[in-house]
Amino acid sequence: MEKRRDAVRRHALALIAASAACGAAGACELPAGARAESAAYALTYRTNPEPLKIGEHFALEYAVCPRAGAAVPAVVSADAWMPDHRHGMNYTPAIRALGNGRFRADGLLLHMPGRWEFVFRIGGERLAHSVRVE
Ligand SMILES: [Cu+2]
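Residues numbered from 1 in each chain as written. Predicted model: local features only at pLDDT ≥ 70, side-chain atom pairs only at ≥ 80, totals over all residues. Heavy atoms only, no water.

Here we come to the coordination of the copper ion. All of the protein donors around the copper ion are Met82 (SD), His85 (ND1), His87 (NE2) and Met112 (SD); their distances to the metal are 2.0 to 2.4 Å. Each of the four donor atoms bound to the copper ion contributes to angles spanning 99 to 124°, and the resulting shape is tetrahedral. Positions of the donor residues of the copper ion, expressed as sequence spacing, correspond to M-x2-H-x1-H-x24-M. Placement of the pair is histidine 87 in strand E5 (residues 87–88) and methionine 112 in the loop between strand E7 (102–108) and strand E8 (114–122), with a sequence separation of 25 residues. (Donors = N, O, S within 2.8 Å, 3.2 Å for Na, K, Ca; no water. Tetrahedral: all angles 85-135°; square planar, octahedral: opposite > 155°, others 65-115°. Helix = DSSP H or I, 4+ residues; strand = E, 2+ residues; numbered from the N terminus.)

Among the structural elements, alanine 80 can be located in strand E4 (residues 77–82). Taking C-alpha positions, alanine 80 is 9.5 Å from serine 130, a pair spaced 50 residues apart along the chain. With sequence-adjacent residues up to four places away left out, alanine 80 is seen in contact with Gly88, Met89, Leu110, Trp116, Glu117 and Phe118. (Contact = heavy atoms within 4.5 Å.)

The next thing to look at is the sheet that holds E8. Across the sheet, four strands lie side by side as E5-E4-E8-E9; this open sheet has antiparallel pairing. Two strands close off the open sheet at either side, each with one partner strand: E5 and strand E9 (125–133). Here five bridges tie E4 to E8, and the two strands are oriented antiparallel to one another. What sits directly across from alanine 80, in E8, is phenylalanine 118. (Pairing = 2+ DSSP bridges.)

What follows concerns the pattern of salt bridges. Throughout the structure, instances matching the rule amount to eight salt bridges. Taking the shortest distance from any N to any O, the salt bridge between arginine 35 and glutamate 37 comes out at 2.7 Å. Residue arginine 35 is classed as partly exposed on the basis of its relative accessible area, which comes to 45%. By relative accessible area, which is 41% here, glutamate 37 ends up partly exposed. The salt bridge involving arginine 67 is made with glutamate 37; its shortest N-O contact spans 2.1 Å. Here the residue arginine 67 occupies a position in the loop between strand E3 (58–66) and E4, and glutamate 37 occupies one in strand E1 (residues 34–37), the gap between them amounting to 30 residues. (Salt bridge = Lys/Arg side-chain N within 4 Å of Asp/Glu carboxyl O. Buried < 20%, exposed > 50% of the residue type's maximum accessible area, 1.4 Å probe, protein only.)

Okay, here's the thing in structure tokens:
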């Protein structure tokens, strides 16, 4: 009796694992773009226009896929900062959720050349991607 219960439980766990893997591959595909990852999420983004120009407004278009076990995020913030100078932008971007894990941030502007980092936050998770802008 004890053996049989173990077998049933193993089977149930195998089914859960199979459906999670299936969902990750089929339901959530990231569009082409630069990639950032954290423990629970993967993200791709592109700038609009591409390439962006110093001193000119641009938008970030990004998409998020949860890894197995993580929830689909309702809000994902986007920001940029210069790690070497320890300052951010002089503007606060406006974030819009477009549905299906897609987001758009408008009103970004990098005011000086050098190494910047785009930082996306989902709850307590931080996803960052470094770029050099001349
Ligand atoms: Cu700077």
